[in-house]
Amino acid sequence: MTIALETTNLQKSFGGLRVTRDLSLKVAAGARHALIGPNGAGKTTVINLLTGVLKPNSGRIILEGTDITDLPVHKRVLRGLSRTFQINQLYPDLTPRETVGLAVSERLGHGGDWWRLMGSRRDVNDEIAENLARFHLLDVMNERTATLPYGKQRLLEIAVAIATKPRVLLLDEPAAGVPESERHDILAAVASLPRDVTVLLIEHDMDLVFSFADRISVLVNGAMLVEGAPDEVARDPQVKAVYLGEGADV
Amino acid sequence: MSADSTTHPEVGTVPMAGAQWRWPEVAFWLCAAGCILLFPNRYLILTEIAWLALFALSLDLILGYAGIVSLGHAAFFGVGGYCAGLLALHGIVKEPVLALLVAGGAAMLLGFVTSFLVIRGVDLTRLMVTLGIALLLRELANKFSNITGGSDGLQGIEMQPILGMFAFDIFGKTGFIYCLIVLFVMFLLARRIVNSPFGLSLRAIRNNPLRASAIGIPVNRRLIAVYTLAAFYAGVAGALSTQTTALASLDGFAFDRSADLLLVLIIGGTGYLYGGLIGAVAFKLMQEFFSTITPQFWQFWIGAVLVIIVLIGRERLHRWAMLVPRMISAKFARSAAP
């Protein structure tokens, strides 16, 4: 089994508050791995550490055998580690075409071109069209992102992450806040992610986790509580205690 | 050469069409060129408008596109101005266009070095850092009066003919045409840049720096690049001012200049390149108008206008201003339709 993404003894404290404790996580290549945990377990901090928004106090992060602990955010993306955000992080004034176009240009190394007009490269245009078609965004591609329905914005979150052609994709609560009527599109988009992309899903919604993940890690108080296959995790008494204590059903 | 996507050509054609020249733009530049013939005794103020427009264009690049606020943009204006003055005064670079590039280059170098301070913070920090740098330079220029002439400024600058052919005349006609051409060329460059992937990535950074880095945009490198570019523009504006007035003074670095520049851009609007140009025209005309009727209180009236703009909202003002041009274009469109 090859490991796509690995952390070793990751630690992060904010002042006296230890939010990530000695976290060692292995995500197998091609896996559909879910990271779950009650509110305040430190899931978002883990994402921020993995993507480079936060620097760990100690420990290493290894992406496909390369240590990326000291790389800035954008370099990790170019190496194939991409993410979506729990709360939409899009460009309100830009269109989906521009948003996806930026990601494609950047990955192909044309993002810094200052003399060429946007839209003048066939390879970039083809990829934009293919990406927007896959995520059902072609019909709204020239509208300002701020004016799109929430479900479309959620899809654009995933589309732009996929446009960076990630080897490992971190999905941070992809269906958060999506109305029931638009939920199906999001779940279908998540389900149809290419198999060769490794996915680490951070999620609250247990239905989604158990229908999607082939492996689950449970994070409690910043430390790994249990890791295993979905049925093992579901049966685990510790996990039951944590979730039943919180009132959620597993 | 066709870059159209095989399946969905509009992915390529829409942005390319967005970068096309539109008729109001053509009209704007025709009007600007028409000023050469229409106002033969107003060349001095026209020249001032031209370099102020270039200066405002520079601020628009960093503020309107990349979202960097600055209260010290005069630093680059001043450096460009003194540099052009010194080059001419000591006969180091005699040809004005070449001197313009050298002066712009000097400001650019300063912009590059200080950009590392500017990218560190967010808005308030940036205001303070940029303000501080401009004040610092002003005091340095004051201190080294043996080079800069101190509070008297650089005097006795004699300009050589442009490209060795076009001498500056006392009416300022050559100066104005020179400024207008420089403005136009640099505007073309800016227009090209903002329609490029680089320009789009700046807008992405202004919209959401977190997301920008999360799709692989090297945010800091882009900000350094545009700040350095804007410094070049501001330096050239300063150099134009020195070359056309044959004077460089501490005023170049003054806080008022940076603050006025923000006013210019607020009047004209940010993020579409013409804001700085329209703002410069409006600002200078207002200044001229108000200082004729109340020589001491013209700033009061400019302040009042600013408050009105904020109250009414620029969007609405633009709509009103575009009412007649829109009607004309609608008529044309209808008569052209089969």
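For clarity, every value in this text was computed on a predicted model and none was experimentally measured.

## Quick look at the overall build of chain B
A count of helices and strands for chain B gives 16 helices and zero strands. The C-alpha atoms of chain B give a radius of gyration of 21 Å, which matches the 20 Å a tight globule of 338 residues would have. Overall size of chain B, expressed as C-alpha extent along the three principal axes, is 65 × 50 × 45 Å. Sequence-distant contacts in chain B: of pairs separated by 6 or more residues, those separated by 24 or more amount to 75%.

## Structural notes on helix α12 (residues 255-268) of chain B
All names here are of chain B. In this model α12 runs 20 Å from its N-terminal to its C-terminal C-alpha over 14 residues, within 8% of the 20 Å that 1.5 Å per residue would give. Those residues of α12 that fall on the buried side of the exposure criterion are Arg-257, Ser-258, Leu-261, Val-264, Leu-265, Ile-267 and Gly-268. For α12, the secondary structure elements touched by its buried residues are α3 (43-65), α4 (74-89), α6 (123-143), α13 (274-293) and α14 (298-312). Phi turns positive one or two residues past the end of α12, at Gly-269, with a value near 95°.

## A short note on helix α6 (residues 180-191) of chain A
One turn of the α-helix equals 3.6 residues, which is why residues spaced by three or four share an orientation. Residues and elements named next belong to chain A. Taking 1.5 Å per residue as the helical rise, α6 with its 12 residues ought to reach 16 Å, and the 17 Å between its terminal C-alpha atoms agrees with that figure. When α6 is considered as a whole, its buried residues turn out to be Ile-186, Ala-189 and Val-190. Seen along its axis, α6 keeps its buried residues to an arc of 100°; they face one direction. Among the exposed residues of α6, those pointing more than 90 degrees away from its buried face are Glu-180, Ser-181, His-184, Ala-188 and Ala-191. For α6, the elements touching its buried residues are α5 (150-163), β7 (168-172) and α7 (206-212).

## With respect to the domain arrangement of chain B
All names here are of chain B. Split into domains, chain B comes out as domain 1 (22-293) and domain 2 (295-338). Domain 1 and domain 2 are separated by 25 Å when their C-alpha centres are compared. Contacts between the two partners involve nine residues from domain 1, matched on the other side by nine residues from domain 2. Listing elements by their share of the side of domain 1 that touches domain 2, those giving two or more residues are α12 and α13. No other element matches α13, which puts four residues into the side of domain 1 that touches domain 2.

## Description of the packing of helix α5 (residues 96-118) of chain B against helix α11 (residues 219-245) of chain B
Any two packed helices are characterised by the angle at which their axes cross and by the distance between the axes. All names here are of chain B. Direction vectors running N to C along α5 and α11 enclose 140°, while the axes themselves pass 6 Å from each other. Viewed along their axes, α5 and α11 adopt a mutual orientation that is oblique. In terms of crossing hand, the pair formed by α5 and α11 is right-handed. Of the residues assigned to the contact of α5 with α11, the class counts are 20 nonpolar, seven polar and no charged.

## So, the environment of B:Gly150
All names here are of chain B. As for its position among the elements, Gly-150 is in the loop between α7 (145-148) and α8 (173-194). Under the C-beta neighbour-count criterion, Gly-150 is labelled partly exposed, with 15 such atoms within 10 Å. Residues Gly-150 and Pro-96, spaced 54 residues apart in sequence, show a C-alpha to C-alpha distance of 24 Å. Leave out the neighbours within four places in its chain, and Gly-150 touches Asn-142 and Ser-145.

## Side note on the interface of chain B and chain A
Each partner contributes residues to the interface: chain B has 33 residues there, and chain A has 40 residues. Put simply, the parts of the chain that give the side of chain B that touches chain A at least two residues each are α1 (10-18), α8, α9 (197-207) and α10 (209-214) of chain B. Top element by residues in the side of chain B that touches chain A is α9(B). It accounts for seven residues. The residue inventory of the side of chain B that touches chain A, partitioned by class, reads 17 nonpolar, 12 polar and four charged.

Cut-off values and rules
Residues numbered from 1 in each chain as written. Chains lettered and ligands numbered in written order. Predicted model: local features only at pLDDT ≥ 70, side-chain atom pairs only at ≥ 80, totals over all residues. Helix = DSSP H or I, 4+ residues; strand = E, 2+ residues; numbered from the N terminus. Rg over C-alpha atoms; globule rule 2.2 N^0.38 Å. Contact = placed C-beta atoms within 7 Å. Expected span 1.5 Å × (residues − 1). Buried ≥ 20, exposed ≤ 12 C-beta atoms within 10 Å, placed from the backbone. Arc of directions from axis to C-beta. Domains from an automatic or database assignment. Axes fitted to C-alpha atoms, helices over the stretch in contact; angles between N-to-C directions. Parallel < 35°, antiparallel > 145°, perpendicular 65-115°, else oblique. Left-handed = near helix turned anticlockwise from the far one by under 90°. Nonpolar A, V, L, I, M, F, W, Y, C, P; charged D, E, K, R; others polar.

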